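# Chains, contacts and geometry: an overview
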Amino acid sequence: MGERCAVIGVGQTRYTTKRLDVSIAGLVREAAQRALDDAGLTFADIDAVVVGKAPDLFEGVMMPEAYLADALGGAGKPVMRVHTAGSVGGSTALVGASLIQGGVHDRVLVVAFEKQSESNATWALSTHLPFGASLVVGAGGYFAPHIREYMRRSGAPDHIGALVAVKDRRNALKNPYAHLRIPGIDRAMVESTPMLWEPIRYLETCPSSDGACAIVLASEKAVTGTPAWIHGAAMRSEPLARAGRETVSPQAGKDCAADVYRQAGISDPRRDIDVAEVYVPFSWYEPMWLENLGFAPENEGWKLTEAGSTALDGDIPWNPSGGVLSSNPIGASGLIRFAEAALQVRGMAGEHQVEGAATALGHAYGGGAQFFAMWIVSNRKP
Amino acid sequence: MPSDPPSHPPSHPLEARHVLEFPGGYTRSTGPVIGRFLTELRDRRIVGVRTAGARVLVPPLEYDPDTGEAVTGEYVEVGPAGTVQAWAWVSAPRPAHPLDRPFAWATIRLDGADTALVHAVDAGGPKAMRPGMRVRPRWRDRTSGTITDIECFVPEVTMITAPIRTEYRVRPGAALTRFLERIGDGVLLGGRCAGCDQVYVPYRTSCPACGALIEEEREVADTGTVTTFAINNLPDPRAPEVPFVSAYILLDGADIPMIALVGGIPAHEVRQGMRVRAVWVPPEERTMSMADIRWFAPTGEPDADLSAGTPGGGA
């Protein structure tokens, strides 16, 4: 894995439907400045900047990394942009880490963002070329059939999705940066909301958020403050249209998990990992990813959810921050998972801290569940 | 300016119009303080006066309204920007109102002032109004030294719209052209990868699994099995009327499902495993696009058994 690399700073904006008080540059600077403050550094201490965000059509700013280069202190430095759809925040962190692991740089600023209020994600994701038949289904319509297939195969009871929706939103009440705050949310409230893309209910889906997240990565000799050490980093992708592709539990996700676990010396993720921040934009993806990531046998992920194992006080808390279900600035959502994993092992997660968390998983997926990015961070030096 | 209301003929035989209007208007001497304020307004500046307690009154008065003491002779330029403190929406402006369209009366504390003045805010609609909103004056073309030299206040610029449009001429490639030609004939064309022994539909010339050239065309049936589906309830002007079913349909003879609309059956009766057949639009209405298939409708055959593992099932 090359040189040691650690997260030494994390900065987030308070996620919300509309950040009308800032420009895109102002938004990313807010997160970047907080990450630098956390690390006790300034822009001058940074060697390179890596920017991530989802499709340019979301804000209609083509090549936003060029526009943002100087806003992020990148003048005279290498600045690059990463794009892997919804997993981009995770991939951006991994590209940043690779610049340090490869010995190229000592301090890298990684920033990811989305300002969804500037347009409409469903519009941006549903640009139909001529000759096709327009169904305009957006992300929810795309993933709903795969959830239905998971429910059929696993025989999971119908209420599992609602349990995840309640758990993550209750966690969000402990996270000052979380977007959705629904005090008193319970299963009945979730189940009373309409089906948007059956079997996905309104409260089982993620919000549209404006927000940015930033982290500062450092080589061993450049560490300041409290480090979260990277023990494993992996990305995988697979073609969307391939005969026999398994879309409920994609092979790329399994391969990515196997790779990151091997690097980090994890043989039993449920036992060896203390907390996980996993990309769950629709509630049913918690049980689906529990299986894909090896926390539960095939078709049994829902049993962990039902037993409360993934709750903040469970044996393997998933998404103590409230997850994507509570905050979703799409391009940043993956980086938030990675950053929250780092906050946990640094003991800096505040009210949603998992006590004694030493090893954490950050996970993101994107596209038609075809891009995966994961890392394992720990408070111990590898 | 708003026009006078039409004078209605008396609606009652003993009703008459009666106007009290001093010819030419009352004359008012301003005194030194208000006079200074209005003189500065004529020059498009807004000033307040400082009190003995160091507060800045806008509009200025000759006295501190709290203590009754005379104000100092110090004038302070304020604004021109300010902050709305409170507001009331006027949805039907009257003739004497400063604007002929709906507006807000607002108390506005100009930057540098300690008191608020009342003026109109041209905000478009009440949803744009909120306490704390930042506004600036819109001056009349000609000023004369009255408070209406400021026509109204308008919100600061906080948002621009960026119309962005790219226009392309799209021509399908060779493989898609071949597929669409056959769609026009009412045929779904696939291609078989010889190395993988998998049939891809729509027809394509490279295998996404092994990368090999797909050379063999293979017609697949227009019947198939719904492997899984969503019931879409979110309306969109570009989409079919809700609720509509978008389904993964594994056509007979194909190894990869395609996404298509299911119709001819209530949405809640669609099932995984349901057998369906393409409903084609009449040949004379075909446009060589996927719109030539109206939707897939149930065949009435018994459902397929998915538990055995359909190829591409759940795709």
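None of the values given here were measured: they were computed from a predicted structure.

## Thoughts on unusual backbone geometry
Excluding glycine, a negative phi dihedral is what most residues carry, and trans is how most peptide bonds are arranged. The linkage connecting A:E198 with the following residue, A:P199, adopts the cis geometry, with an omega of 15 degrees. Structurally, A:P199 can be placed in the loop between strand 5 (195–198) and strand 6 (200–201). Residue B:P59 follows B:V58 across a cis peptide bond; omega there is -5 degrees. Following the sequence through the fold, B:P59 ends up in the loop between strand 2 (56–57) and strand 3 (75–77). For A:N319, which is not glycine, the phi dihedral falls at a positive 60 degrees. The topology assignment puts A:N319 in the loop between helix 11 (301–307) and helix 12 (323–326). Look at A:N319 and you get buried, because its relative accessible area is 0%.

## Thoughts on the pattern of salt bridges
Applying the stated criterion to the full structure yields 50 salt bridges over all chains. The salt bridge partner of A:R245 is A:E238, with a shortest N-O separation of 2.5 Å. When sorted by exposure, A:R245 lands in the same class as A:E238, which is buried. One salt-bridge network, in which partners are shared between bridges, spans B:D100, B:R101, B:D122, B:R138 and B:E151.

## Digging into the environment of A:D272
Residue and element names in this part refer to chain A. By secondary structure assignment, the location of D272 is in helix 9 (residues 269–272). Residues D272 and I316, 44 residues apart in the sequence, show an inter-C-alpha distance of 9.5 Å. Ignoring sequence-local partners within four residues, the contact set of D272 consists of G265, I266, S267 and T359. At a separation of 2.8 Å, a polar atom in the side chain of D272 contacts the side chain of R271.

## Some details on the sheet that holds strand 7 (residues 210–219) of chain A
Residues and elements named next belong to chain A. In space, the nine strands of this open sheet follow the order 3-2-4-7-1-8-11-10-9, with mixed pairing throughout. Two strands in the sheet have a free side with no partner beyond their single neighbour: strand 3 (79–82) and strand 9 (275–277). Each neighbouring strand pair of the sheet contributes to a mean axis angle of 25 degrees, computed without reference to strand direction. Pairing of strand 4 (residues 107–115) with strand 7 involves nine bridges; the strand directions are antiparallel. Residue pairing for strand 7: R107 is matched across the bridge by A218.

Definitions and cut-offs
- Residues numbered from 1 in each chain as written.
- Chains lettered and ligands numbered in written order.
- Predicted model: local features only at pLDDT ≥ 70, side-chain atom pairs only at ≥ 80, totals over all residues.
- Heavy atoms only, no water.
- Helix = DSSP H or I, 4+ residues; strand = E, 2+ residues; numbered from the N terminus.
- Buried < 20%, exposed > 50% of the residue type's maximum accessible area, 1.4 Å probe, protein only.
- Salt bridge = Lys/Arg side-chain N within 4 Å of Asp/Glu carboxyl O.
- Contact = heavy atoms within 4.5 Å.
- Polar contact = N/O pair within 3.5 Å; in protein donor to acceptor, adjacent residues only side chain to side chain.
- Pairing = 2+ DSSP bridges.
- Axes fitted to C-alpha atoms, helices over the stretch in contact; angles between N-to-C directions.

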